[in-house]
Amino acid sequence: MAKEYIKYVDVTKCDGCRACMVACKNWNDLPAEPEEFQGSLQSHAKVTANTWNVLNFIEHENSKGDLEYLFRHSSCFHCTDAACEKVCPEDAISYTDFGSVVINNDKCVGCGYCVQNCPFDVISLATYKDKNGKEYRKAQKCTMCTDRLEEGMQPACVVTCHPGAMQFGNKEDMLTLAEKRLSEIKEKFPNANIYNPAGVGGTHTIYVLAEKPSVYGLPEKPKVPTSAVIWKDYAQPIGKLMLGATTMAVMAGFVSNKLFNKGGHDHGQDEEGGDSDE
Amino acid sequence: MSKQQKPKKYVKRFSKAFIWAHAINALSFFALYITALPMYTEFFDWLYPVFGGPAGARLLHRIFAVTFVLPTLIYIIFDPKGFLFWLKELVTWKKRDVDFFKEFPKEFFGMKAKMPKQGFFNAGEKINSWIQIFTAVLIIFSGFTMWFPEYFPDTVVQWGYLLHNIGFGLAIAVVVGHIYLSVLHPGSTPAFRGVIKGDVDAEFAKGHYRDWYDELVAKGEIDEDGDKKSADKTA
Amino acid sequence: MKTSVVSNEYQKLQEEIMKLQEQWKQNLNPDSIDFRLDSEAMKTGVPLVALTNFDVKFPLFVQWVDELKQLLMSQNADLESQLNRVIELIDEETAKVWMEEAFSFNHLYFKKFAEENVLDEWIPPFLAETLFRPYLQLLSEKTQSKISQAVAGCGCPVCGEPVRLGQLEGKGQKILYCPRCHANWPEKKLSCSHCGNEDYEKMKYLTVEGKPTEQIHVCDECKGYTKIIDTRQFITKPSPEMLDLKTIHLDYIAQENGYMVMGEIKK
């Protein structure tokens, strides 16, 4: 019923005001995380469990040898094939009809499998204290403001973006916008590209980047880790099958021993009726 | 057993170090299994509160991870001879070992089987040892990457999850068979006594490990009837 | 908005009716309305509708009644006999009168009509209003570019409907929208639509916790209120009617807090 949406980020329009970071903290009620000076205007090294989007500031020397100051709003990509969803052992991570990928905090046990498998490194564990002072962990990341989407509202970061560097809407419309924008800036930024990586089935946060993804600290060809695919699609099901098979064999063995061998096990006669493992 | 009325005679089979190592290994394995079970299948999510929540389960899993590594060390330190003997046995494969597997299925399901004479470890035990060594290595090393992801590259950690899963999957499948054969399979009680008390019924040894039994006789440690010749009464 | 105090069925019905009205409007001959944009008159608060002649074509009228009947019956089949009686009763003359009385909100006329013809009281005014709106909407569509202000207390400059709804647009500008004819016009943010009060100490915003897009602008001078919705945050913008309908809880809140739809207009 609900439509599939995309958050479209045009980094060439971003002026680095960081209002998106504030709007995110505000809407999602996330605590401030004071940081030491990072050596640039950038406030946090990367997104964290309590800072779901960070504005990246990149000093880049372009092909003409000029310095360019590049900005990128970074947050969860909401992959179509999300590695985090795949590896979560508790089914705590799921896709919404909007296309966003969300964590169910009640189900999350804080194991951190998602943290280790995210190709974009955008999930982290937050540590909380329960009323007895006992610590527990929960994975946290940008939700694409799914609670707002449910109310028909756009994500908080998009709404607050004053230069219009972010737009939110139907998947097809946003892809068209991105294509159009790319053709507009291709002359000025010959390396410009649309970042909507196919290795994760496309994402629901897409970018028009002025330079190659790696310039922005993004993987050129991100994908769901092969190990995660083998693990979840083959190893675990086969493992469960094997456990089931041996259990069945053992039960069959137990029953058939009762049937064929009512008098008990007569070993050690002239030849061996040898038993095996112990 | 019940047919034989004469008093039982026992022959020594395992050292104290082996018994301890085996017991710690078994308990650790079981504890690791139980503390990871709710993560493996949601069906067992109710175990979380038992361990004091996911954080408690993680802590216990790490404690037992350490005890899981100990048995090898115990075996090496306190019974180096036995350890080497075990390894030597594992790499020694003869016709009797291969023939073992032809008869094993019949034996397993309780039908009449003509088992070839076996050495100290029968071929099934050797295979069990091999798989447990292999999976333990997998589990322990991949466990390290999972426990301390900050010291390993992401890819190593990611493959660690897979290997941990494979190692565990193989191990548990084999362990089910191993425990069954030792505890439930008819005629297993004498063998079980071996890993608890260290000695086994001589008749049982004669029946199941004829080559070993004959060796003991040849070495003069026991006579044909299983009577101990030496004064060594302790296991 | 997913959550609304209005039931989904009712919202769906409203949308269906609007769809019909849009079709009707599209099929209207643009010449069927004849208006005189008298800016002097409008400056004194006379709505454009009072300066307009509507050429209501009877066959079209009958066709619309029938289409509306089909739609209503798909929701409630029990209405058939009453709606058929309406169709029998209406002749060219009645149609004209209905349109005029709808234009002037003459509920007394419709009440009497219902009583005389043993109809449910809501049916005649509902039909008349529903059928009149395409004309109003055509009028506002044709004149929207000329509508840039309204006189406080005089309602919509096109159709005279009392002001109750506005949206925030652009950088936060308050644009008032008429849910009846779809006309829109800007207004100072700190200004009462009902009495023109600009005393900021007497203007307040009521907000609902957890509803970041909704404000009720209330005026303690005249006790009037206007619902102001920040639709810039919406993924898709609803029509003024739907927005008005879905925010009906704000009307309750305002009225429970002692404010009134039109305020106490002070002369």
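Residues numbered from 1 in each chain as written. Chains lettered and ligands numbered in written order. Predicted model: local features only at pLDDT ≥ 70, side-chain atom pairs only at ≥ 80, totals over all residues. Heavy atoms only, no water.

1. Some details on the overall build of chain A
When you go through chain A residue by residue, the secondary structure sums to 7 helices and 10 strands. Scaling as 2.2 N^0.38, a compact globule of 278 residues should have a C-alpha radius of gyration of about 19 Å, whereas chain A reaches 26 Å, well beyond that. The C-alpha extent of chain A, read off along each of the three principal axes, is 95 × 50 × 45 Å. A burial count over chain A gives 54% of its 278 residues as buried. When the accessible surface of chain A is summed, it comes to about 13000 Å², and 53% of that surface belongs to carbon and sulfur atoms. Distance from the positive charge centre (29 side chains) to the negative charge centre (38 side chains) of chain A: 5 Å. (Helix = DSSP H or I, 4+ residues; strand = E, 2+ residues; numbered from the N terminus. Rg over C-alpha atoms; globule rule 2.2 N^0.38 Å. Buried < 20%, exposed > 50% of the residue type's maximum accessible area, 1.4 Å probe, protein only. Areas by Shrake-Rupley, 256 points an atom, 1.4 Å probe, with all protein chains shown as cover. Lys, Arg positive; Asp, Glu negative; His and termini not counted. Charge placed at Lys NZ, Arg CZ, Asp CG, Glu CD.)

2. Remarks on the domain arrangement of chain C
Residues and elements named next belong to chain C. Assigned domains within chain C: domain 1 (8-146) and domain 2 (165-256). Distance from the C-alpha centre of domain 1 to the C-alpha centre of domain 2: 26 Å. Contacts between domain 1 and domain 2 engage 16 residues on the former and 11 residues on the latter. With both chains or domains summed, domain 1 and domain 2 bury close to 1100 Å², and 55% of this area falls on carbon and sulfur atoms. On the domain 1 side of the contact with domain 2, M18, Q137 and Q144 bury the most area, a combined 37% of that side's loss. For R180, the salt bridge goes to E129, with nearest N and O atoms at 2.7 Å. At the junction of domain 1 with domain 2, the criterion picks out 5 residue pairs in polar contact (both at pLDDT 80 or more). Per-class residue counts for the side of domain 1 that touches domain 2 are 7 nonpolar, 6 polar and 3 charged. (Domains from an automatic or database assignment. Contact = heavy atoms within 4.5 Å. Buried area = accessible area lost by both parts, 1.4 Å probe. Salt bridge = Lys/Arg side-chain N within 4 Å of Asp/Glu carboxyl O. Polar contact = N/O pair within 3.5 Å; in protein donor to acceptor, adjacent residues only side chain to side chain. Nonpolar A, V, L, I, M, F, W, Y, C, P; charged D, E, K, R; others polar.)

3. Section: the UniProt feature "coiled-coil region" (unreviewed entry) in chain C
Mapped onto this structure's residue numbering, the UniProt feature "coiled-coil region" (unreviewed entry) falls at residues 65-96 of chain C. For the annotated span residues 65-96 of chain C, helix accounts for 81% and strand for 0% of the residues, and the straight-line distance between the end C-alpha atoms is 14 Å. (UniProt positions renumbered as here; feature names shortened; annotations may be inferred.)

4. Some remarks on the state of the cysteines
Summed over all chains, the structure comprises 0 disulfides over all chains. Cysteine C:C222 remains unbridged, with the sulfur of C:C192 as its closest cysteine sulfur at 3.5 Å. (Disulfide = S-S within 2.5 Å.)

5. Side note on the sheet that holds strand β3 (residues 165-169) of chain C
Residues and elements named next belong to chain C. The sheet built from 6 strands is open, its strands ordered β5-β4-β3-β8-β7-β6 with mixed pairing. A strand with exactly one partner marks an edge of an open sheet, and here the two such strands are β5 (184-187) and β6 (203-207). Direction aside, the axes of adjacent strands within the sheet are offset by 30 degrees on average. Pairing of β6 with strand β7 (residues 214-219) involves 5 bridges; the strand directions are antiparallel. Each residue of the ladder has a partner; that of K204, found in β7, is V218. Along the sheet, helix α9 (residues 248-256) makes contact with β7 and β8 (225-229), crossing β8 at roughly 145 degrees. (Pairing = 2+ DSSP bridges. Axes fitted to C-alpha atoms, helices over the stretch in contact; angles between N-to-C directions.)

6. A word on the interface of chain A and chain B
Each side of the interface is counted separately: chain A has 49 residues, and chain B has 67 residues. Around 5000 Å² of area is buried between chain A and chain B when both sides are counted, 56% of it from carbon and sulfur atoms. Inspection of the region where chain A meets chain B yields 0 salt bridges. One can count 10 residue pairs in polar contact (both at pLDDT 80 or more) joining chain A with chain B. For the side of chain A that touches chain B, the secondary-structure elements that each account for two or more residues are α3 (113-117), β7 (135-140) and α7 (226-260) of chain A. Of the residues forming the side of chain A that touches chain B, the biggest block, 20 residues, is contributed by α7(A). Across the side of chain A that touches chain B, the residue classes break down as 15 nonpolar, 21 polar and 13 charged.

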